[in-house]
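Descriptive analysis of the structure
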Amino acid sequence: MPSFAIGETDFLLDGAPYQVLSGAMHYFRIHPDQWEDRIRTARLMGLNTIETYVPWNAHEPQRGGFSAAGGLDLGRFLDLVQAAGLHAIVRPGPYICAEWHNGGLPEWLIEDGTIAVRSRDPRYLAEVERYLGAVYEIVRPRQIDRGGSVILVQIENEYGAYGADEAYLRALTDMTRAAGITVPLTTVDQPTDAMLDDGTLPELLSTASFGSRAEERLAALRRHQPSGPLMCAEFWCGWFDSWGEPHHTTSAADSAAELAAILAAGASVNIYMVHGGTNFGYTAGANDKGVYRPIATSYDYDAPIAEDGTPTEKYWAFRDVIAAHAPVPDERPAARVPARILETPLERALGLVDAGLERWGAYDTAPAATALGSPRGFSRYSVDIPHGGALTVGEVRDRAHLLLDGRPVGVLDREAHDRVLALPAAGELSILIEHLGGVNYGPRIGEAKGLIGPVRLDGEELRGWRAAPLELTADEIREALDARGTALPTGAPLGGPVLLGGRFEADPSGDLHLDVRGWGSGMVWINGFALGRYSARGPQETLYVPAPVLREEGNEILVLELRGSERLTARFAAEPRLGPTEF
């Protein structure tokens, strides 16, 4: 069998020095029918390895219900990597960051707030051991020394930026070895002395994450680790987008120069991201460093391979750099099938508050969403108020749409630190809470969503609440529209929150890009597949529709429009629009 090991200065493949030329792509951010295409495109850029995280909360949304089916079939993804002639790196966390909801930690693990995550807490380690055991059942037979593709496995993720608990890291390492993982184990941290010291163990290979000043960062890594191969395990060639901020781009020439410096130093590299993909559904995370910033649906990352699989200028620049250090295939990626331009009316509408989707529970005071099972997506609250006045809320996580007797009266937004709203009169107060991304980095990982009380009217706490989780699936929306929906009037602006439905014809041989300009904010499903959130705040102006989602005829589009819209059609653009790089 082949072997992969850590040498005095290099990785060793069957005993010979080997420079890892890897690119990050996340199987869970790519439609599974497109995995093979994206892997092939990366190979043709000159890469010899593909790296992926593993998101615990996607694989095990309910405790004990671990699944690796469909779009979560890690085994199939690794097999496709091997079939393409490439190696693989697996980073199972349990914490992954990745701009992913809660950094990959499942809601059921953190909802009661008593388990100390990313620590030696025995309750946490017991759950982690069970999770890693399930992941390693997939990875173990696919290691290179067993005839598979996997050459490296990472322990935790950027732990030096979070803690300094050697016992915790050693517990994860022992679990990994006990589960039959025999390939070399790594850690990754930013190349500062403190993070590199705190984030690893002597028996693990330290790697670095950075996007510039390559020589300086590699020198810092070498000072920390006098022997062993140098590796930038996250070469940041772009950056992620957040709602309400500019679209981030980096110069292809500058990124290529940094890549050239890494390779010229003899270091290995993992390009983060070589292909970013999409935060489909409710999977996007958020950052909070004093101001809460939810991550956009597109995870394009200004990567060499764009969200829809198109090779970019950066792709060709990186390919030229790699060609100076390693063989690059003569073959070039196939031309993309261009997206079509079409527009179709939305035909049916139903006010969300009239849809009857809630399973209400009774509460004396307003509960956080943890009391409702920490639902993804949304939660809804209702209370009778005896008079108008100043409504104050302890905190909203993350955006509250308030209606009085069914009429919109305002929005409280966490990003704006909104806590107070004037209500005009007595009536039934209905509050729809958007649960935007769970914080994925830092000490606020796993915080509760929903209304964080107390909720008061003119200083008096409101009592007698009803509350319900509202996951909002395509099946629920379709059934509600079929049962209660009405024909959509033409030419008139539409208020929200409202459910909308329509049908359209499209050739499923190529992707679509749903143009959301002119809409407010909300969610979209096509043929039951959750594309993700949209927002007029930008920078993202289209939602990516993978071709495998489409049908030959009778395609269905469902929309939750939260704020209302003047455009009552679904318009598909010729190309993606990620918005301006400056506002």
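Structure: see above.
Now for a quick tour of the structure. Because the structure is a prediction, the values reported are computed rather than measured.

Scanning the chain from N- to C-terminus turns up 11 helices and 34 strands. Its C-alpha atoms give the chain a radius of gyration of 25 Å, within 12% of the compact-globule value 25 Å for 583 residues. Dimensions of the chain along its principal axes, counting C-alpha atoms only, are 75 × 50 × 40 Å. Taken across its 583 residues, the chain has 61% of its residues classed as buried.

Let us now look at the pairing of strand S14 (residues 342-345). Residues Leu 342 and Thr 344 point to one face of S14 and are all buried, whereas Glu 343 and Pro 345, pointing to the other face, are not buried. Across 4 bridges, S14 lies against strand S34 (residues 569-573) in antiparallel orientation. When the sheet's bridge partners are listed, Glu 343 is paired in S34 with Arg 571.

Time to look at helix H6 (residues 166-178). With 13 residues, H6 extends 18 Å between its outermost C-alpha atoms, agreeing within 8% with the 18 Å of an ideal straight helix rising 1.5 Å per residue. Taken residue by residue, H6 has Tyr 168, Leu 169, Ala 171, Leu 172, Thr 173, Met 175 and Thr 176 as its buried positions. Those residues of H6 that are buried lie in contact with helix H5 (122-139), strand S8 (185-189) and helix H7 (193-198). Among the residues of H6, the N-terminal cap falls to Asp 165, whose side-chain oxygen and the backbone nitrogen of Ala 167 are separated by 3.0 Å.

On a regular strand, each side chain points to the face opposite its neighbour's, so the side chains alternate between the two faces of the sheet. Burial within strand S28 (residues 498-504) is extensive, with 6 of its 7 residues counted as buried. When strand S15 (residues 348-351) meets S28, the two strands line up antiparallel, connected through 4 bridges. Each bridged residue has a counterpart across the sheet, and for Gly 351 the counterpart in S28 is Val 498. One ladder, built from 7 bridges, connects S28 with strand S33 (residues 555-561); its direction is antiparallel. Looking at the pairing, Val 498 lines up with Glu 561 of S33.

Between H5 and H6, the least distance of the axes is 10 Å, while the angle of their chain directions is 35 degrees. Seen along the crossing, H5 lies across H6 with a hand that is right-handed. Listed contacts from H6 to Tyr 124, Leu 125, Val 128, Glu 129, Leu 132 and Tyr 136 of H5 are Tyr 168, Ala 171, Leu 172, Met 175 and Thr 176. Tallied by class, residues from the contact of H5 with H6 come to 9 nonpolar, 1 polar and 1 charged.

Here we take up the side chain of Asn 287. Mapped onto the secondary structure, Asn 287 falls in strand S12 (residues 285-288). Once residues lying within four places of it in the same chain are set aside, the contact partners of Asn 287 are Phe 240, Tyr 292, Arg 293, Ile 295, Asn 440 and Tyr 441.

If you walk through the whole model with that rule in mind, you get 26 aromatic pairs. Plain terms: the ring middles of Tyr 159 and Tyr 162 are 6.2 Å apart, the flat faces sit at 45 degrees to each other, and that makes the pair tilted. Taking relative accessible area as the criterion, Tyr 162 reaches 34% and is therefore assigned partly exposed. Taken together, the aromatic side chains of Tyr 53, Trp 236, Trp 239, Phe 240, Tyr 272, Tyr 299 and Tyr 301 make up a single cluster linked through ring pairs.

This part takes up a negative patch on the surface. Negative charge collects at one region of the surface, where Glu 505, Asp 507, Glu 552 and Glu 553 lie side by side. As for its position among the elements, Glu 553 is in the loop between strand S32 (542-545) and S33. Residue class for Glu 553 comes out exposed when judged on its relative accessible area of 61%.

For the coordinates displayed, the defined rule picks out 0 disulfides. Cys 97 takes part in no disulfide bond, and the closest cysteine sulfur to it belongs to Cys 232, at a distance of 15 Å. With no disulfide partner, Cys 232 has as its closest neighbouring cysteine sulfur the one in Cys 237, 10 Å distant. Since its relative accessible area comes to 0%, Cys 232 is described here as buried.

This part covers the sheet that holds strand S1 (residues 4-6). With antiparallel pairing, the 3 strands of this open sheet are ordered in space as S1-S2-S3. The open sheet terminates on both sides in strands that have one partner only, identified here as S1 and strand S3 (16-18). Adjacent strand axes in the sheet meet at a mean angle of 40 degrees, parallel and antiparallel pairs treated alike. Here strand S2 (residues 11-13) pairs with S3 via 3 bridges, running antiparallel. Opposite Leu 12, over in S3, you have Pro 17 as the bridge partner.

Moving on: the environment of Ala 88. Topologically, Ala 88 is positioned in strand S6 (residues 87-91). According to the relative accessible area criterion, Ala 88 is buried, its value standing at 1%. Spatially, the C-alpha atom of Ala 88 lies 6.0 Å from that of Ile 151, the residues being 63 residues apart in sequence. Those residues in contact with Ala 88 that lie beyond four places of it in its chain are Thr 49, Ile 50, Leu 78, Val 81, Ser 149, Val 150, Ile 151 and Leu 152.

Definitions and limits used
Residues numbered from 1 in each chain as written. Predicted model: local features only at pLDDT ≥ 70, side-chain atom pairs only at ≥ 80, totals over all residues. Heavy atoms only, no water. Helix = DSSP H or I, 4+ residues; strand = E, 2+ residues; numbered from the N terminus. Rg over C-alpha atoms; globule rule 2.2 N^0.38 Å. Buried < 20%, exposed > 50% of the residue type's maximum accessible area, 1.4 Å probe, protein only. Pairing = 2+ DSSP bridges. Expected span 1.5 Å × (residues − 1). Contact = heavy atoms within 4.5 Å. Polar contact = N/O pair within 3.5 Å; in protein donor to acceptor, adjacent residues only side chain to side chain. Axes fitted to C-alpha atoms, helices over the stretch in contact; angles between N-to-C directions. Left-handed = near helix turned anticlockwise from the far one by under 90°. Nonpolar A, V, L, I, M, F, W, Y, C, P; charged D, E, K, R; others polar. Phe/Tyr/Trp six-rings, centres within 6.5 Å; stacked < 30°, edge-to-face > 60°. Patch = residues over 30% accessible without salt bridge, like charges linked within 9 Å, V, L, I, M, F, W, Y side chains within 5 Å. Areas by Shrake-Rupley, 256 points an atom, 1.4 Å probe, with all protein chains shown as cover. Salt bridge = Lys/Arg side-chain N within 4 Å of Asp/Glu carboxyl O. Lys, Arg positive; Asp, Glu negative; His and termini not counted. Charge placed at Lys NZ, Arg CZ, Asp CG, Glu CD. Disulfide = S-S within 2.5 Å.

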